[in-house]
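Below are the chains, spelled out letter by letter.
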Amino acid sequence: MNDGGEHPLDLRGRSYLVTGAASGIGRATAVRLSRLGARLICSDLEVPGLEETLGGLRGSGHIARPFDLRNVDAVASWLGEACSSFGQLNGFVHAAGVPCVCPVKGLGLDRLREVILVNAESGFALAKAFVNPRTFAGSQGSIVFISSVMSLVGSAASAGYAMSKGALNSLTRALALEYANRKIRVNAVAPGFVKTPMFDKTSAGWDDEQRRRVEALHALGFGEPEDIANAAAFLLADESRWITGTVMVVDGGYSAQ
Amino acid sequence: MEKTGFYEALAEILEVEKVGDADVLREFDAWDSLTKLSIIALADSDYRTVLTAKDLDGIATVGDLKDRLEKNGQ
Ligand SMILES: NC(=O)c1ccc[n+]([C@@H]2O[C@H](COP(=O)([O-])OP(=O)(O)OC[C@H]3O[C@@H](n4cnc5c(N)ncnc54)[C@H](O)[C@@H]3O)[C@@H](O)[C@H]2O)c1
């Protein structure tokens, strides 16, 4: 497969959509994929951040397509329109997401539904729209959902977030089987705590002692967005061609104990 | 921004029937780290205000909390 010379994760000639590309993990993923030669549609609801990301990409032909993923009913038409000018895709990385650190007693159903809508339902809508022949290039298909280690281990004040990411893990396994004969692999990455703007928001509720405790749970310390971007790049590249339906834990050892 | 529901939401978080402006936050039986997280989440979702654990330690009463949220959430 890789006979030397090119990068083992070479993505030249490939095209992907990255959601959540205005910030954190989505931005780092877009940068990584562009360095591996891929051409990208970058999406997010934050337009200035999206433009900043685009400015930092290597190569040419990338486009920004702002979209609020809460409009799940419009995902198919939006994606179809984006691909009509950009061309077809080999896959996508769904990194858009919202945090939800809230004990059950403070978590209203409206907020819960919004978290599930942005983190999980939008992933379903993207995967459903992706198989359209206008959208999918027909070969080397790979979908990567950015889940969370919170979907795999329990933690107080994480019920809503954990539900949304657990739904993504289940979607990953079901779709992996349903899409296998279309030559589309489907995987998820479950990060531990990664230093991004979302992390800053999540950790605002911690005192110094809590911060030390959470950091100590990561044997390798807190992660960087690039650590997750690298895992996503691997799951898109041909090097992972026999991997589908898995939730790859990238958490510096958080869930090892 | 749903301000009429402040007292009801806070009473639910503090696990009491009702709360008043003069009530001291740290004197509630339910005052613990999870309760603080619930208030931080309420500030974020209903008032678009980022409160930290440290900020909350500096707020004494229910009324002070309301003032703080309404000031920031304008
Ligand atoms: N940072 C962490 O510690 C961590 C840990 C585990 C999982 N994750 C997951 O990684 C992903 C990326 O998180 P991050 O840390 O980079 O956060 P981030 O806040 O830096 O980036 C998330 C991006 O998603 C976008 N977004 C939010 N709602 C949207 C919507 N309705 N439509 C379109 N875009 C929307 C935001 O604008 C933002 O740019 C998320 O799914 C998050 O749940 C993060």
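Here, the structure is the one placed above.
For the structure given in this document, a descriptive report is provided here. These figures come from a predicted structure and were not determined experimentally.

Residue and element names in this part refer to chain A. Neighbouring the ligand are 29 residues; S23, I25, D44, Y161 and T196 lie closest to it. Within the backbone of G97, a nitrogen or oxygen atom sits 3.4 Å from an oxygen atom of the ligand. Within the backbone of V194, one N or O atom sits 2.8 Å away from an oxygen atom of the ligand. Starting from 820 Å² of accessible surface for the ligand in isolation, the protein chains cover 92%. Elements with a contribution of two residues or more to the shell around the ligand: α1 (24-35), α5 (159-179) and α6 (197-203). Tallied by class, residues from the shell around the ligand come to 16 nonpolar, eight polar and five charged.

On to helix α3 (residues 75-86) of chain A. Residue and element names in this part refer to chain A. In a regular helix each residue adds 1.5 Å, so 12 residues correspond to 16 Å; α3 covers 16 Å between its end C-alpha atoms and thus fits that length. For α3, every residue scored as buried is listed here: V75, W78, L79, G80, A82, C83 and F86. Check the buried side of α3 and you find it contacts β1 (15-19), β2 (39-43), β3 (63-64) and α4 (109-130). One or two steps after α3, the chain reaches G87, where phi turns positive at roughly 105°.

About the cut-offs
- Counting of residues starts from 1 at the beginning of each chain's written sequence and follows it residue by residue.
- As they are written, the chains are lettered A onward and the ligands numbered 1 onward, keeping that order.
- Owing to the predicted nature of the model, reporting of local features is limited to residues with pLDDT of at least 70; listing and counting of side-chain atom pairs is limited to 80 or more, with chain, interface and lining totals taken over all residues.
- Only heavy atoms go into the side-chain values, all of them from the structure, while hydrogens and water stay out.
- Here a residue is considered near a molecule or strand provided that any single heavy atom belonging to it is located within 4 Å of it.
- Polar contacts, as used here, are pairs of N or O atoms within 3.5 Å; protein pairs need one atom able to donate a hydrogen and one able to accept it. Residues neighboring in sequence count only if both atoms are side-chain atoms.
- What sets the accessible areas is the Shrake-Rupley method with a 1.4 Å probe; for residues, cover comes only from the shown protein chains.
- Helix and strand assignments come from DSSP, with helices taken as H or I runs of at least 4 residues and strands as E runs of at least 2, each series counted from the N terminus.
- Residue polarity follows a fixed list, in which Ala, Val, Leu, Ile, Met, Phe, Trp, Tyr, Cys and Pro are nonpolar, Asp, Glu, Lys and Arg are charged, and the others, Gly among them, are polar.
- To estimate the expected span of a helix, subtract one from its residue number and multiply by 1.5 Å.
- Per-residue accessibility, obtained with a 1.4 Å probe over protein chains only, is compared with the maximum for each type, and a residue is labelled buried under 20%, exposed over 50%, and partly exposed between these values.
- Working rule for contacts: check all heavy atoms of both residues, and any pair within 4.5 Å makes them a contact.

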